[in-house]
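Architecture and fold: a report
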Amino acid sequence: MNLPASSTHRLLHLLMNEGFVERGEDSRTYRAGLEFLRVGGLLASRTDLTNLAHSFMQAVVDACDETCMLSLYVPRTRNAMVVRAIHGSHPLRYEAALYELSALAWGATGLGILAFLPETVIEEVIAQEGPSPADPRKALKPAQLRRDLARIREQGYAHTHGQKVKGAVGFSAPVFNSAGVVAALCITLPENRYEDGMEPRLARALMKQAGLFSASLGWRGPTPGMAARAA
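Structure report, in brief. Owing to the predicted nature of the structure, the values given are computational and were not obtained by experimental measurement.

1. Observations regarding the packing of helix α6 (residues 119-128) against helix α7 (residues 142-155)
- At their nearest, the axes of α6 and α7 sit 11 Å apart, and the two run at 140° to each other. When the interaxial angle is binned, α6 and α7 end up oblique. Seen along the crossing, α6 lies across α7 with a hand that is right-handed. Here α6 contributes E119, I122, E123 and I126 to the contact with α7, which in turn contributes P142, L145, R146, L149 and R153.
- Within the contact of α6 with α7, the residues separate by chemical class into 5 nonpolar, no polar and 4 charged.

2. A few points about the environment of R93
- Mapped onto the elements of the fold, R93 is located in the loop between β4 (79-86) and β5 (101-102).
- We classify R93 as partly exposed; its relative accessible area is 33%.
- Sequence separation between R93 and P224 is 131 residues; the distance between their C-alpha atoms is 28 Å.
- In this structure R93 touches T67, H87, G88 and P190, once residues within four positions along its chain are discounted.

3. Focus on the side chain of S132
- Along the chain, S132 falls in the loop between α6 and α7.
- Judged by its relative accessible area of 4%, S132 is buried.
- Reaching out from S132, the side chain makes a polar contact with the backbone nitrogen of A134 at a distance of 3.1 Å.
- A distance of 2.7 Å separates the side chain of S132 from the backbone oxygen of Q163, its partner in a polar contact.
- Those residues in contact with S132 that sit more than four places away from it in its chain are W106, K138 and Q163.

The rules behind these values
Residues numbered from 1 in each chain as written. Predicted model: local features only at pLDDT ≥ 70, side-chain atom pairs only at ≥ 80, totals over all residues. Heavy atoms only, no water. Axes fitted to C-alpha atoms, helices over the stretch in contact; angles between N-to-C directions. Helix = DSSP H or I, 4+ residues; strand = E, 2+ residues; numbered from the N terminus. Parallel < 35°, antiparallel > 145°, perpendicular 65-115°, else oblique. Left-handed = near helix turned anticlockwise from the far one by under 90°. Contact = heavy atoms within 4.5 Å. Nonpolar A, V, L, I, M, F, W, Y, C, P; charged D, E, K, R; others polar. Buried < 20%, exposed > 50% of the residue type's maximum accessible area, 1.4 Å probe, protein only. Polar contact = N/O pair within 3.5 Å; in protein donor to acceptor, adjacent residues only side chain to side chain.

Next up, the structure:
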């Protein structure tokens, strides 16, 4: 574009403020940010994280024949964003709204990420969060949410009923890179097809693939829920 270096630097910082650009691995490099991915679905489908997720998501679908989604954490807005979905063979299923920002405090796609964020971020989310997307009459209860997050951290996965979409059952397990939680692998299915006895199988499938995905991204920490599963 034949722009002076100073102008290029200033413009990149303006784009960073809006989430369209973020720092690369080298402090002198830049790359597309999550806001750019949200408005550019085509670009999102070509990012490393999304492409790397495919084989792990397919393994979840192969294990349980239900829809598996990849939900990314969007740090700038403290939201989640589903960027890919792979469906099982069931004709009755929920179609995920891709590249739309959604709440971290409601539904498995958000809670599986929120539980593993720093406490300061959790406090910010609680302070700004509104009622349930599925039922505006249902207000957020901070004390109950904190108990739910503690349980998610202990067992290694989130499990919800109808928090974002009425009649939907959701599961999710966190995905980490070397810096911390970046996403969640999720399963969603209609409530009328779900039975309580399915929970262990669905949770194990998600946690196994989320752990393998995390290892491929450089995570070397303990797998959430490992102690509980060993017991």
